[in-house]
Amino acid sequence: MKHHDLSTKEGRKAHRHELRMIAVRPRRWGLWLLTAGFLLLLTPSALDVHSLFGLWPPMLGALCIILGVALLGASVVLKRRYMRQRMAGQAMVGRIKG
């Protein structure tokens, strides 16, 4: 892992980009599932649809929301673990340099 120089504008920009790119897929899928779940919860009242592929739309919506929240939680854990490892690496570099 390359440690960016945070005293320069380019270094700060690279650091922010690196942090944004951690756990992108779980966050993206989690947000999509939350949106789909919310829309499925609204389907029976908005469109008067009471069966979707033989299943109850609010049940599918609740399932999507639960899975979406789980994925968002997993992305938080992945990001925290990455940051903890990164900070431990910086401390190790500081100890090695003396």
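Presented here is an overview of the structure given in this document. Only a predicted model underlies this, so the values are computations on that prediction, with no experimental measurement involved.

1. Some words on the overall build of the protein chain
Broken down by element type, the protein chain carries three helices and zero strands. When the helices and strands of the protein chain are listed from N to C terminus, the series reads α-α-α. Buried residues in the protein chain amount to 21% of all 98 residues. Of the roughly 7500 Å² of accessible surface on the protein chain, a fraction of 69% belongs to carbon and sulfur atoms.

2. What about a nonpolar patch on the surface?
Judged by side-chain polarity, Phe38, Leu39 and Leu42 come together as a nonpolar surface patch covering roughly 300 Å² of accessible area. Relative to the elements of secondary structure, Leu42 occurs in helix 2 (residues 24–47).

3. Some points on helix 1 (residues 9–20)
For helix 1, with twelve residues, the first-to-last C-alpha span of 17 Å sits near the 16 Å given by 1.5 Å per residue. Those residues of helix 1 that sit buried are Gly11, His15, Glu18 and Leu19. The buried side chains of helix 1 occupy one side of the element, clustering within an arc of 95 degrees when seen end-on. Among the exposed residues of helix 1, those pointing more than 90 degrees away from its buried face are Lys9, Glu10 and Lys13.

4. Thoughts on the side chain of Ser75
Position of Ser75 among the secondary structure elements: in helix 3 (residues 57–97). A relative accessible area of 5% means that Ser75 is categorised as buried. The residues contacting Ser75, other than those within four sequence positions of it, are Ala23, Pro26 and Arg27.

5. Notes on the side chain of Thr43
Locating Thr43 in the fold gives a position in helix 2. Within polar-contact distance, the side chain of Thr43 engages the backbone oxygen of Leu39 at 2.8 Å. Contact partners of Thr43, with chain neighbours within four places excluded, come to Asp48, Val49 and Pro57.

6. Examining a positive patch on the surface
Together, Lys9, Arg12, Lys13, Arg16 and Arg20 give the surface a local cluster of positive charge. Note on Arg12: relative accessible area 36%, which makes it partly exposed.

What counts as what
Residues numbered from 1 in each chain as written. Predicted model: local features only at pLDDT ≥ 70, side-chain atom pairs only at ≥ 80, totals over all residues. Heavy atoms only, no water. Helix = DSSP H or I, 4+ residues; strand = E, 2+ residues; numbered from the N terminus. Buried < 20%, exposed > 50% of the residue type's maximum accessible area, 1.4 Å probe, protein only. Areas by Shrake-Rupley, 256 points an atom, 1.4 Å probe, with all protein chains shown as cover. Patch = residues over 30% accessible without salt bridge, like charges linked within 9 Å, V, L, I, M, F, W, Y side chains within 5 Å. Salt bridge = Lys/Arg side-chain N within 4 Å of Asp/Glu carboxyl O. Expected span 1.5 Å × (residues − 1). Arc of directions from axis to C-beta. Contact = heavy atoms within 4.5 Å. Polar contact = N/O pair within 3.5 Å; in protein donor to acceptor, adjacent residues only side chain to side chain. Lys, Arg positive; Asp, Glu negative; His and termini not counted. Charge placed at Lys NZ, Arg CZ, Asp CG, Glu CD.

In short, geometric facts, not functional conclusions.
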